[in-house]
Amino acid sequence: MAKQVAIVAVAQNAGAESKDNFYDQAYAVTKEVLDKAGMTRDDIGTVISASSDVFHGGISCANSYYWETTGAFLKNASRQDGESLFALFYGAMRIMTGHYDTALVIGLCKGSENPSNDTCTLMYADPFYQRGVGLTETMAAALQMRLYMERYGVTEEQCAKVAVKNLGNGLRNPYAHKKGRYTVDDILGSERLIDPLTALQVAPKSEGMVALILASAKKAKEVADKPVWIKGFGSSLDNYYVGDRDLLNGQLKNAADRAYKMAGITDPEKKIDVAEITEPYAFQELMWYEGLGFCKEGEGGRLMDSGFTGMNGRIPVNPSGGVLANNPYVSRGLQRVVEAVLQIRGEAGEKQVPKTVKTALAHGTHGYAGQCHAVAILGR
Amino acid sequence: MGRPVAIIGVGQTKHGRRMDVSYPELVREAVVAVFNETGLTPNDIDGVVSGTMPSMMEGIALTHFYFADAMQAAGKPIMKTETCGSTGVSIAHTAYYWVASGMADLVLAVGHEKMNEGNSQATMTTVAEPFYQRYFISGAPGVFSMQSQMWMDRYNIPEEKIRDAAAFISVTHHDDAFDNPYAHIKMKVTMDEVKNARIITYPVRLLDVCPNSDGACAVIFASKDMVKKLGRKPAWVKGVGYRGEEYFFGDSDKVVWESAIQAAKQAYDQAGIKNPRKELDVAEVYNPFTFQEMLFYECFGFCEPGESPDMVLKGTFTRKGELPCDPSGGTLCTNPIGATGLIRVAEAALQVTGKAGDHQIPKAKLALSHAMGGVDQFNGIMILGSKL
């Protein structure tokens with residue numbers, strides 16, 4: 001997918017809780033991204049949003065609600081549910097067909113108006129067998145973490161280091177919801193939510209409105225000094241029942257391989273300069289290192305110990321603080337894209353990694369123990 | 001524009017009150033049907049598009065998880081498209097763009113709903129804005145009734161005439177459904193029965209309204225190379241149009257209904273259609289309410305504004321008429337919402353490939369399919385043709 005679709009502008013607002021209502025927040029980020037691109041609503045061909053009814057303050061058909069405020073009035077617009085990276089892919093595909101020169105892609109989630117994330121993720125459970133036992137994403141993650149530690153000898157300390165790193169990185173991110181200088185002991189000593197997960201290893205419930213403008217190659221040259229190209233993307237869905245799956249051999253590798261293949265990358269551990277990944281539970285970042293091919297199976301903990309993924313490492317992972325620092329459930333995948341774009345453009349401010357970034361990776365996941373994964377490769 | 005895309009197979013469940021199957025089994029029935037019909041296997045599929053109504057409908061959120069196995073989607077790239085009532089046609093659009101962009105050669109689109117396991121009107125009430133509108137926009141009929149009244153008033157159409165035309169639509173579609181093996185409501189009704197049926201919300205009566213159905217639909221979209229390779233009779237995608245308008249019901253004109261008019265125009269322009277009534281051979285219009293079907297005829301340019309009741313009563317849109325509409329019995333007889341728009345697309349594909357069986361319109365070459373959603377807010381169109 002060589003230089004067909006570029007990201008020409010990005011905007012986000014995020015954090016713990018905003019006094020602005022949903023409309024105002026959605027409008028603000030839409031206006032900001034248009035202003036940054038030097039465009040008006042008339043310049044936008046199509047609008048693809050991402051949102052989920054179950055994470056939408058009790059209003060069904062979410063995109064019905066925010067249609068005009070995201071600039072979609074009398075436009076051909078559509079919506080992806082659950083994973084906001086799907087919206088990026090869909091926007092790119094619409095441009096690739098030649099039907100549109102520009103697409104506004106927007107992820108919307110106002111966490112403060114939702115119940116706890118797990119009240120919502122309980123609704124993924126089939127109503128007959130699993131909902132009654134209270135299966136949620138956090139419970140599935142706890143099962144997965146125990147299995148991961150037992151099979152590969154990964155330690156709780158190694159898992160906790162992810163939280164130390166990401167909540168520390170969050171200090172440099174003005175949009176981060178949770179941040180702080182913690183020690184491994186602090187992380188392990190925080191409240192034990194579902195064994196072996198402790199509170200500081202679990203992502204919060206945040207707000208996040210995230211918007212991007214995509215453009216065709218021709219249009220990108222006209223409007224952007226520093227276009228960031230979408231070089232590859234891939235997704236993959238796993239079987240439904242948690243008990244039917246090997247929770248340590250999931251679909252991330254499939255999704256990543258598809259994205260790498262499209263981007264012509266055969267050695268990701270060398271080619272990726274920075275990665276923004278979705279780690280709602282600290283240990284998952286270690287597992288995702290493996291799935292993304294940054295290290296071999298079972299070696300995520302050791303890779304963490306080596307500093308490979310720290311701010312000064314070979315592949316800094318989540319310099320923004322990742323999802324542990326800020327977790328607007330539906331829009332978090334698209335937020336990873338925005339952070340990756342800022343890194344490539346050298347505009348990440350205090351969280352800019354100390355190296356030249358040519359190629360960046362953005363990852364999203366949702367579902368029990370990572371039932372679905374999506375990966376995007378971005379580059380200059 | 002983009003690569004040519006065709007539908008090469010469709011699968012439907014027997015729609016209705018399906019208490020004999022679970023929701024995943026219902027989805028699986030449609031998916032197995034399309035694989036049996038095409039001779040393809042799940043291994044052949046490059047990607048899957050899934051969609052349904054909001055999670056409140058059956059109380060399950062992000063249903064692509066729950067149906068991963070039923071859709072044979074494990075290990076595959078996935079998209080999850082939702083646009084309220086127009087979801088079905090939006091799923092078809094997503095699959096179309098996926099193939100047209102060159103990112104896939106075979107895409108499976110699946111729409112589904114098991115409405116008898118939930119409360120559809122309660123769900124639709126939660127679509128309305130919670131502070132001002134939710135109290136009086138209860139479910140779908142209220143909205144459509146207001147729209148019908150607005151329409152009658154705008155063109156000074158005599159109430160009796162509009163009542164007769166609506167009853168005529170109800171009678172003919174209920175008759176049509178007998179020839180559709182998948183339709184839900186199969187009952188003989190008379191003009192008098194429709195006109196005297198219990199009032200739901202004035203002027204809409206019970207027999208003007210669609211049922212709550214359980215049902216699923218699966219459609220396979222293919223690239224031109226794949227069509228050639230598989231040697232299947234294709235229904236080519238000739239045009240895709242979609243528009244949405246204001247959320248607050250009172251903010252926009254629902255008679256000169258811009259989202260419907262412009263969505264159709266976008267699709268017509270792509271398909272090179274100038275006179276839809278003459279050029280189209282058949283249309284599958286999303287008609288949950290008899291009155292609304294007539295309004296769509298006007299918005300889609302099948303007739304002049306205010307003229308549709310006369311045309312209906314002349315038989316212009318019956319199966320033997322100039323432009324047959326909803327020969328399947330339409331949404332009026334079968335409405336599993338998340339699947340309904342995709343069923344319209346599937347029926348259009350069956351018509352232009354000559355596979356519609358007892359409700360086949362002879363020599364149909366060009367067909368329109370449509371779905372509507374939101375608080376009378378979204379309209380989507382897909383036009384299919386037998387020739388590229």
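Rules used in this analysis
- Residues numbered from 1 in each chain as written.
- Chains lettered and ligands numbered in written order.
- Predicted model: local features only at pLDDT ≥ 70, side-chain atom pairs only at ≥ 80, totals over all residues.
- Heavy atoms only, no water.
- Helix = DSSP H or I, 4+ residues; strand = E, 2+ residues; numbered from the N terminus.
- Expected span 1.5 Å × (residues − 1).
- Buried < 20%, exposed > 50% of the residue type's maximum accessible area, 1.4 Å probe, protein only.
- Contact = heavy atoms within 4.5 Å.
- Pairing = 2+ DSSP bridges.
- Axes fitted to C-alpha atoms, helices over the stretch in contact; angles between N-to-C directions.
- Phe/Tyr/Trp six-rings, centres within 6.5 Å; stacked < 30°, edge-to-face > 60°.
- Lys NZ or Arg CZ within 6 Å of the ring centre and 35° of its normal.
- Buried area = accessible area lost by both parts, 1.4 Å probe.
- Salt bridge = Lys/Arg side-chain N within 4 Å of Asp/Glu carboxyl O.
- Polar contact = N/O pair within 3.5 Å; in protein donor to acceptor, adjacent residues only side chain to side chain.
- Nonpolar A, V, L, I, M, F, W, Y, C, P; charged D, E, K, R; others polar.

A. The arrangement of helix α9 (residues 258-271) of chain B in detail. An ideal rise of 1.5 Å per residue puts 20 Å on 14 residues; α9(B) measures up with 20 Å between its terminal C-alpha atoms. For α9(B), the full list of buried residues reads B:S259, B:A260, B:A263, B:A264, B:Q266, B:A267 and B:Y268. Looking at the buried residues of α9(B), the elements they touch are β3 (76-80) of chain A together with β8 (235-244), α10 (276-279), α11 (290-299), β10 (366-373) and β11 (378-385) of chain B. Just past α9(B), the residue B:G272 takes up positive phi, approximately 70 degrees.

B. Up close: the sheet that holds strand β9 (residues 282-284) of chain B. Residue and element names in this part refer to chain B. Strand order in this open sheet of 9 strands is β3-β2-β4-β7-β1-β8-β11-β10-β9, and the pairing throughout is mixed. In the strand order of this sheet, the two ends are held by β3 (78-80) and β9, each with one partner. Ignoring which end each strand starts from, the neighbouring axes of this sheet average 25 degrees apart. Relative to strand β7 (residues 214-223), strand β1 (residues 5-12) runs antiparallel, the two sharing 7 bridges. The residue of β7 that forms the bridge with V5 is S223.

C. Summary view of the packing of aromatic side chains. Applying the stated criterion to the full structure yields 27 aromatic pairs over all chains. For the ring pair A:W67 and B:Y242, a centre distance of 6.4 Å and an interplane angle of 45 degrees mean the geometry is tilted. Residue A:W67 is found in the loop between α2 (62-66) and β3, and its partner B:Y242 is found in strand β8; the two belong to separate chains. Neither residue differs from the other here; A:W67 and B:Y242 are each classed as buried. Site record: aromatic cluster; members linked through ring pairs are A:F22, A:Y23, A:Y65, A:Y66, B:Y247 and B:F248. Between A:R332 and the ring centre of A:Y329, over which it is positioned, the NZ or CZ distance is 4.1 Å.

D. Just the environment of A:K231, in detail. Residue and element names in this part refer to chain A. Mapped onto the elements of the fold, K231 is located in strand β8 (residues 228-237). The exposure class assigned to K231 is partly exposed, which follows from its relative accessible area of 24%. Taking the C-alpha atoms as reference, K231 lies 9.7 Å from K261; in sequence the two are 30 residues apart.

E. Broad picture of the interface of chain A and chain B. Chain A puts 55 residues into the contact, and the matching count from chain B is 59 residues. Across the chain A to chain B interface the summed buried area is about 4700 Å²; carbon plus sulfur atoms make up 60%. Contact with chain B buries surface across chain A, with A:L74, A:H99 and A:L237 losing the most and accounting together for 15% of the total. Counting across the chain A and chain B interface gives 2 salt bridges. For the salt bridge of A:D81 with B:K80, the shortest nitrogen-to-oxygen distance reads 2.9 Å. Summed over the shared surface of chain A and chain B, the result is 27 residue pairs in polar contact (both at pLDDT 80 or more). Looking at the side of chain A that touches chain B residue by residue, the class counts come to 25 nonpolar, 20 polar and 10 charged.

F. Just the pattern of salt bridges, in detail. Residues and elements named next belong to chain B. Within this structure, the stated rule accounts for 43 salt bridges over all chains. Between R163 and D208 there is a salt bridge whose closest N-O contact spans 2.9 Å. Of this pair, R163 sits in helix α6 (residues 159-177) while D208 is found in the loop between β6 (204-205) and β7, placing the two residues 45 residues apart along the sequence. Taking the relative accessible area as the measure of exposure, R163 reaches 12% and is therefore buried. Owing to a relative accessible area of 0%, D208 belongs among the buried residues under this scheme. K188 serves as the salt-bridge partner of D175, at 2.9 Å between the closest nitrogen and oxygen. With a gap of 13 residues between them, D175 in helix α6 and K188 in the loop between α6 and α7 (191-195) connect regions that are remote in the sequence. Owing to a relative accessible area of 59%, K188 belongs among the exposed residues under this scheme.

The values are spatial; any link to function lies outside them.
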